[in-house]
Amino acid sequence: VTAVFNSIMSGLSPHNQKHRLQVLLSDVDDMSVAERLSSTFIRILDTNIPSNVSHLETFRMVMGVVITLLTPLPQHTIAGLLQYCAIKANVVHTIITCLQNGLLACKGEMNELHFSHTSLKNFLLVSNLSKRYHIDSTLQNEFLANICLEIMLRQLVLCKLTGNRE
C-alpha cells in the first residue's frame, strides 16, 4: 500500500498531496478491504493513464503481457512483441512509465518489469473488481500465442525455409 501511495504522491506539492489523498479516500467508509483497494487502484489508473492512451484495449494488451508471461521481460522486449499488433514502442513506454512509480518496478540485470505488489495483478484479473481495466487471461494467452506464431512465421520467411525436405 505504501508503494501505491508513494506513486500517486510523487512530484506533488504538500497541498496537492493532501487534496489527492482526500479524493482517493473519499467514499470508502462502507467498503470492504478488497473494495477499498479496488477503488484505490481504479482511481490511480484513472489518474495515471494519460489521455493520449485513448483506447483501454492498448492498456490491456501492454499490462496483459506483463501479467501473462511466466518470465518477466524488459520494457523494450515487450514493445518488440507488441509491434506485431501495431502498438508503437512509444505507447508501450508511456503506459509503463505512468505505472512504474509504485505499481510496476524494473528489477534484475535486464530491468525486467514486475508488479510492485501482487494485489494489482490480482485486481486486473478479477473482472468484478477491475471493471474497465479487466484483463481476460484466456484472451491474453491466445493473443500472446498469436504474436509468437507471427514472429516464428516471419523468421521462417526471412530464412527462406520451406516445407520441402529435398
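Source: prediction; values computed, not measured.

### Let's talk about the packing of helix α4 (residues 56–68) against helix α7 (residues 118–125)
Stage number 1. Closest axis-to-axis distance for the α4/α7 pair is 11 Å, and the angle between their directions is 125°. Judged by the inter-axis angle, α4 sits oblique to α7. The hand of the α4/α7 crossing is left-handed. Taken together, the residues of α7 that come into contact with α4 (itself represented by Phe 59, Met 63 and Ile 67) are Lys 121, Leu 124 and Leu 125.
Stage number 2. The residue inventory of the contact of α4 with α7, partitioned by class, reads 5 nonpolar, no polar and 1 charged.

### So, the packing of aromatic side chains
Stage number 1. Under the defined criterion, the tally for this structure stands at 2 aromatic pairs.
Stage number 2. A centroid spacing of 5.2 Å and a plane angle of 45° characterise the contact between Phe 41 and Phe 123, whose relative ring orientation is tilted. A residue pair is termed long-range when its members are at least 10 positions apart, and Phe 41 in helix α3 (residues 33–48) and Phe 123 in helix α7 qualify at 82 residues.
Stage number 3. Classification of Phe 41 as buried rests on a relative accessible area of 1%.
Stage number 4. Take Phe 123: its relative accessible area is 3%, and that puts it in the buried class.

### Observations concerning the pairing of strand β1 (residues 104–107)
Stage number 1. Strand direction decides the pairing type here: β1 and strand β2 (residues 112–115), joined by 4 bridges, are antiparallel. Bridge pairing in β2 places Ala 105 opposite His 114.

### Thoughts on the side chain of Thr 68
Stage number 1. With respect to the helices and strands, Thr 68 occurs in helix α4.
Stage number 2. For Thr 68, the side chain forms a polar contact with the main-chain oxygen of Gly 64, separated by 2.6 Å.
Stage number 3. When neighbours within four sequence positions are excluded, Thr 68 is seen to be in contact with Gln 140, Asn 141 and Leu 144.

### A look at unusual backbone geometry
Stage number 1. Look at Asn 111: it is not a glycine, yet its phi comes out positive at around 55°.
Stage number 2. Following the sequence through the fold, Asn 111 ends up in the loop between β1 and β2.
Stage number 3. For Lys 131, which is not a glycine, the phi torsion comes out positive at approximately 50°.
Stage number 4. Looking at the element boundaries, Lys 131 is found in the loop between α8 (127–130) and α9 (137–158).

### A closer look at the nonpolar core
Stage number 1. Counting residues in hydrophobic clusters, the biggest one holds 33 residues, and the most contacted among them are Leu 45, Phe 59, Leu 82, Leu 99 and Leu 124.
Stage number 2. Secondary-structure elements contributing two or more residues to this core are α3, α4, α5 (75–82), α6 (89–100), β2, α7 and α9.
Stage number 3. The element best represented in this core is α4, accounting for 7 residues.
Stage number 4. What Leu 99 contacts, discounting residues up to four positions off in sequence, is Leu 45, Ile 49, Phe 59, Met 63 and Leu 104.

Calculation rules
By convention here, each chain's residues receive numbers from 1 onward along its written sequence. Since the coordinates come from a predicted model, pLDDT governs what is reported: local features require at least 70, and pairs of side-chain atoms require 80 or more to be given and counted, while whole-chain, interface and lining totals use all residues. Heavy atoms throughout the structure, all of them, feed into the side-chain values; hydrogens and water do not. To define axes, lines are fitted to C-alpha atoms, for helices over the stretch in contact only, and angles between the resulting N-to-C directions are given on a 0 to 180 degree scale. Strands are runs of DSSP state E lasting at least two residues, helices are runs of H or I lasting at least four, and both sets are numbered from the N terminus onward. In what follows, roughly perpendicular refers to angles from 65 to 115 degrees, roughly parallel to angles under 35, roughly antiparallel to angles over 145, and oblique to any angle outside these ranges. Definitions for this section: a left-handed crossing has its near helix turned counterclockwise from the far helix by less than a right angle. A right-handed crossing has that turn clockwise. Contacts are assigned to residue pairs with any non-hydrogen atoms lying within 4.5 Å of each other. Gly is put with the polar residues, along with every residue not named as nonpolar or charged; the nonpolar set is Ala, Val, Leu, Ile, Met, Phe, Trp, Tyr, Cys and Pro, and the charged set is Asp, Glu, Lys and Arg. What counts as a ring pair is set by centres within 6.5 Å for rings of Phe, Tyr and Trp (its six-membered ring), and what kind of pair is set by the plane angle: stacked under 30 degrees, edge-to-face over 60, tilted for all other angles. When accessible area is computed with a 1.4 Å probe and restricted to protein chains, residues below 20% of their type maximum are described as buried, those above 50% as exposed, and intermediate ones as partly exposed. One requirement defines pairing of two strands: DSSP has to find at least two bridges between them. Whenever a nitrogen or oxygen atom comes within 3.5 Å of another N or O atom, the pair is scored as a polar contact, on the condition that within protein one atom can donate a hydrogen and the other can accept it, and that pairs from neighbouring residues in sequence are kept only if both atoms are in side chains. Take the buried residues of types Ala, Val, Leu, Ile, Met, Phe, Trp, Tyr and Cys, join any two whose side-chain atoms come within 4.5 Å, and each joined set is a nonpolar core.

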